[in-house]
Amino acid sequence: MNYLKSIGKIAGTCAVLGLGWYLTTRGAQSQSAPPPVLSRFAGPTSSQTLALDGNGTWLVVANPDNNSVTFFDVANDRNRKLREIPVGEEPNGVAVNPQGTRAYVANTVSGTISVLSILRTSPQVAREIAEIEVGVEPYGVALTPNGRKLYVTNRRSNSVSVIDTATNRVTATITDVGFAPTGIAISNNGNDSDDDETVYVTNFFGTPRTGQLDGEDDAKQGVVVFIRAGSDSVDGVAPLLPIGDTGFKAPGDAIARIAPGTEDRLTTSAYPNQLNSIALKGNFALIPSTGASPNGPARFDLNTQSLLSSLDLTQLKDQTINMHVAVRDQAATPKLFITQPWAVAVKNNANEAYVVSMASDIVVKATLDATGKPSVVNIPGATPTRVLQIATGRNPRGIVINNTDTRAYVMNYISRDVTVIDVTNDSVVGTIESAPLPTPGSFEDQILAGKDLYHASVGEFDGPGPLSPKIRGRMSNNGWGSCSSCHPDGLSDNVVWIFAAGPRRAISQHADFDPEDPTSMRALNWSGIFDEQEDFEANIRGVSGGLGLIVGDDGITPAAAPVPFTPPNGGRRQLKIRGFNAWDAIKAYIQFGVRAPLAPVAKDDPEAVAGRELFKAANCQSCHGGNAWSTSKVTFTPPPDSNLLSAGQIIGQLKKVGTFDSTQRNEVRANAAAPLGADGYVPPSLLSISAFPQTFFHNGSVNSLEGVLNNVAHRSAGTNGVDSLSDSNARRQVVQFLLSIDAYSEPIAPR
């Protein structure tokens with residue numbers, strides 16, 4: 001953690017020193033008279049990682065890894081980098097008022113909003129004039145049409161902060177907004193009042209549906225919360241229902257105990273998950289999401305889907321399409337699927353939207369018909385047909401369109417630049433550097449290379465020789481899938497997947513390694529079936545359908561499919577990325593680049609302090625002790641001795657705590673056979689457990705931490721069956737303690 005913070009500070013300092021102009025490939029154009037200052041926005045607003053002022057002449061872009069924001073002059077396609085301004089730690093959301101005199105930046109780790117005064121005629125460009133404390137991990141920010149109020153989503157404290165921009169004070173904190181509030185969109189009815197607008201907020205994770213079984217394709221639904229701006233209170237909630245037919249059929253149904261056959265004949269569903277963004281068009285809200293289709297069999301084109309939902313804001317009914325179908329149906333090859341749709345922006349004067357595919361490094365275009373139903377656009381007149389896909393930089397995460405519907409700007413997180421798109425003809429007209437990249441060959445560069453591959457559905461690798469062409473692909477089949485599809489930012493999508501071993505809630509990788517000793521790693525997966533990060537090569541090849549990163553002697557041809565344990569997969573010949581071994585880079589990212597989420601409850605909260613003592617008295621640390629808040633640890637150098645293994649599991653790492661029930665309908669493997677679990681499970685880490693709500697235990701059998709502690713066998717596992725937590729008030733205090741655990745908590749040593 002400390003090392004990473006040092007890297008971030010160094011990078012941020014270097015970034016701020018880069019004050020020179022940076023021109024697009026088309027060069028700067030001559031200046032003209034400044035456009036008029038606007039007092040209000042032309043249309044609805046939404047939260048993004050970059051923002052324009054009201055007349056679309058100044059652009060401000062967040063640089064999360066550099067702890068800065070960059071200002072650009074984009075008037076008349078000048079596209080000039082003006083200056084990089086330091087802000088708080090890990091800025092993500094940006095908003096600029098319509099007049100272009102103030103910018104607001106959500107600093108996720110700092111828990112603050114930086115207020116910047118924009119100085120258009122000064123070389124200083126901008127300066128911070130206020131820092132406003134909000135909730136835990138602020139992420140999205142959006143201004144009302146007249147710029148009088150700023151709304152902030154606090155992802156970890158599950159709240160929305162409301163800021164009066166005249167006084168820079170928090171005037172309200174709205175707490176009944178669901179779990180992990182993230183995206184924001186605000187209506188614009190065209191008048192001078194902001195109190196008659198509606199604020200729409202997405203929950204990042206899908207929410208359990210009553211009566212549905214976790215692991216089923218329709219187990220959860222998306223959620224959009226409505227907030228009345230006049231009273232700053234919740235005015236309603238709209239569900240985004242699972243899509244009943246993804247358009248892709250499966251050869252089996254694990255939960256129904258139908259083993260995979262030779263024919264794809266069974267309809268599959270998917271529910272909206274990872275709702276990062278929302279945008280408004282007339283009476284409709286557009287929400288992209290990564291659809292989860294977790295029921296087995298596990299196959300690249302059945303697990304995740306690329307969903308785009310249109311929510312009728314008057315009828316509260318949604319129409320959702322699977323954008324992957326459009327790519328499937330195109331006649332041209334090769335195909336590139338629209339993996340992890342992350343952000344969306346709409347034109348003011350046309351029923352057209354642009355959706356960012358974070359993993360596939362593209363923007364796709366969609367249109368809305370009179371009923372609000374979206375359709376993916378193909379390249380006009382192209383033969384054979386092909387989906388219109390606009391290439392961006394690496395890992396695009398935000399998009400804004402100017403008020404004249406002529407330009408779109410895309411923030412690329414990993415390549416640290418901005419793609420400029422002419423949306424009158426859907427072509428790229430330039431790329432502007434936003435922040436400097438690490439020094440080539442440095443350790444920070446290796447971490448960034450690993451982050452690049454982790455979030456990529458395609459991947460670009462060095463050729464086997466100095467003059468060889470780049471090797472593209474290998475991460476998935478036609479760009480369908482990435483590590484981040486199930487582990488956004490290295491964390492968890494909160495989905496219970498019916499995998500080859502059985503039902504498995506996706507484990508966040510921030511706790512794979514001991515935070516104080518990155519060489520110490522826990523046994524991987526719930527059943528301890530892997531002992532090296534490189535074992536996940538099997539997921540790249542199997543779950544994502546890719547060719548993988550481990551190669552033969554020629555440096556190109558995929559080596560034989562890896563198996564866990566013997567022989568070891570670490571150290572085998574790999575593809576390289578920017579000179580680094582690909583798997584070494586991914587491992588470095590997981591070790592040093594995946595941040596543990598911050599906890600919403602203070603360490604000194606009296607209830608949490610009492611809960612900590614009760615936790616210790618119940619000897620919960622026998623499973624959940626140590627720096628990683630899990631006692632699991634790979635104690636051997638691979639390969640393990642055969643006596644350490646049983647049924648493909650590192651048997652000594654498993655604990656029986658009463659969470660396996662073979663009678664549960666979702667206790668099944670992806671191939672419809674009986675699952676692993678009777679021998680117990682690897683103790684999951686409690687580090688930042690608050691960030692992954694409503695889905696607990698390996699199979700999602702309970703939807704709250706209170707439910708976790710209601711399991712008597714589980715809560716008594718550390719005391720040989722003696723129940724010291726029979727009192728409900730004591731359990732409530734333990735829950736408060738659990739909600740306080742993050743990387744800043746003092747670990748409890750096992751005993």
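Scope of this entry: the structure provided in the associated data block. Bear in mind that the values here come from a model prediction, so they are computed numbers and not experimental data.

### Some thoughts on the sheet that holds strand β30 (residues 396-401)
Step number 1: With antiparallel pairing, four strands are arranged side by side in an open sheet as β30-β31-β32-β33. Unpaired on one side and paired on the other, β30 and β33 (427-433) mark the two borders of the sheet. The mean angle between the axes of side-by-side strands here comes to 20 degrees, regardless of whether they run parallel or antiparallel.
Step number 2: Direction of pairing for β30 relative to strand β31 (residues 407-412): antiparallel, over a ladder of five bridges. Counted as the bridge partner of I401 is A408 from β31.

### Points about the pairing of strand β15 (residues 198-203)
Step number 1: With five of its six residues buried, β15 lies for the most part within the structure.
Step number 2: Sheet analysis places strand β14 (residues 181-186) next to β15, joined by four bridges and oriented antiparallel. Bridged to P181 within β15 is N203.
Step number 3: Two strands pair when backbone bridges link them, and β15 and strand β17 (residues 220-228) are joined in this way by five bridges, in the antiparallel orientation. When the sheet's bridge partners are listed, V201 is paired in β17 with V225.

### Quick word on the sheet that holds strand β10 (residues 138-143)
Step number 1: Read across the sheet, four strands follow the order β10-β11-β12-β13 without closing on themselves; strand pairing throughout is antiparallel. A single partner strand is all that each edge strand has here, and the edge strands are β10 and β13 (169-174). Averaged over all adjacent pairs, the angle separating strand axes in this sheet is 25 degrees, with direction ignored.
Step number 2: Relative to strand β12 (residues 159-164), strand β11 (residues 149-154) is paired through six bridges, and the arrangement is antiparallel. Residue L150 lies in a different strand from β12, and its bridge partner there is I163.

### Remarks on the nonpolar core
Step number 1: L453, F461, L549, W583 and I586 are the most contacted members of the largest nonpolar core, which has 48 residues in total.
Step number 2: Residue assignment for this core shows that the elements contributing at least two residues are α4 (443-454) and α7 (582-592).
Step number 3: With eight residues, the single largest contributor to this core is α7.
Step number 4: Those residues within four positions of W583 in sequence are excluded, and the remaining contacts are Q533, E534, F536, E537, I540, L549, I550 and Q574.
Step number 5: Core analysis: the next-biggest nonpolar cluster, separate from the first, contains 26 residues, L302, M323, V344 and A353 among them.

### What about the packing of helix α8 (residues 606-617) against helix α12 (residues 728-738)?
Step number 1: One can describe the packing of α8 onto α12 by two numbers: an axis separation of 7 Å at closest approach and a directional angle of 105 degrees. One way to sum up the angle between α8 and α12 is to call them roughly perpendicular. On the side of α8, the interface is formed by E607, A608, A610, G611, R612, L614 and F615, while α12 contributes A730, R732, Q733, V734, Q736, F737 and L738.
Step number 2: The residue makeup of the contact of α8 with α12, split by class, is eight nonpolar, three polar and three charged.

Scoring rules and cut-offs
Sequence positions are assigned chain by chain, starting from 1 and proceeding in written order. Given that this is a predicted model, residues contribute local features only at a pLDDT of at least 70 and side-chain atom pairs are listed and counted only at 80 or more, while totals for whole chains, interfaces and linings are drawn from all residues. As a convention, hydrogens and water are excluded, and side-chain values are obtained from all of the structure's heavy atoms. Note on pairing: DSSP must find at least two bridges between two strands before they are called paired. Each helix is a run of H or I in the DSSP string that is no shorter than four residues. Each strand is a run of E no shorter than two, and both are numbered from the N terminus. To obtain each axis, a line is fitted to C-alpha atoms, and for helices this fit is confined to the stretch in contact; angles are then taken between N-to-C directions over 0 to 180 degrees. In this scheme, a residue with accessible area under 20% of its type's maximum is buried, one over 50% is exposed, and one in between is partly exposed, where area comes from a 1.4 Å probe on protein chains only. To form a nonpolar core, buried Ala, Val, Leu, Ile, Met, Phe, Trp, Tyr and Cys residues must be joined to one another through side-chain atoms within 4.5 Å. The contact criterion used throughout is that any non-hydrogen atoms of two residues lie within 4.5 Å. Reported orientations rely on four angle classes, namely roughly parallel under 35 degrees, roughly antiparallel over 145, roughly perpendicular from 65 to 115, and oblique for the rest. Throughout this entry, Asp, Glu, Lys and Arg are counted as charged residues, while Ala, Val, Leu, Ile, Met, Phe, Trp, Tyr, Cys and Pro are counted as nonpolar. The remaining residues, Gly among them, count as polar.

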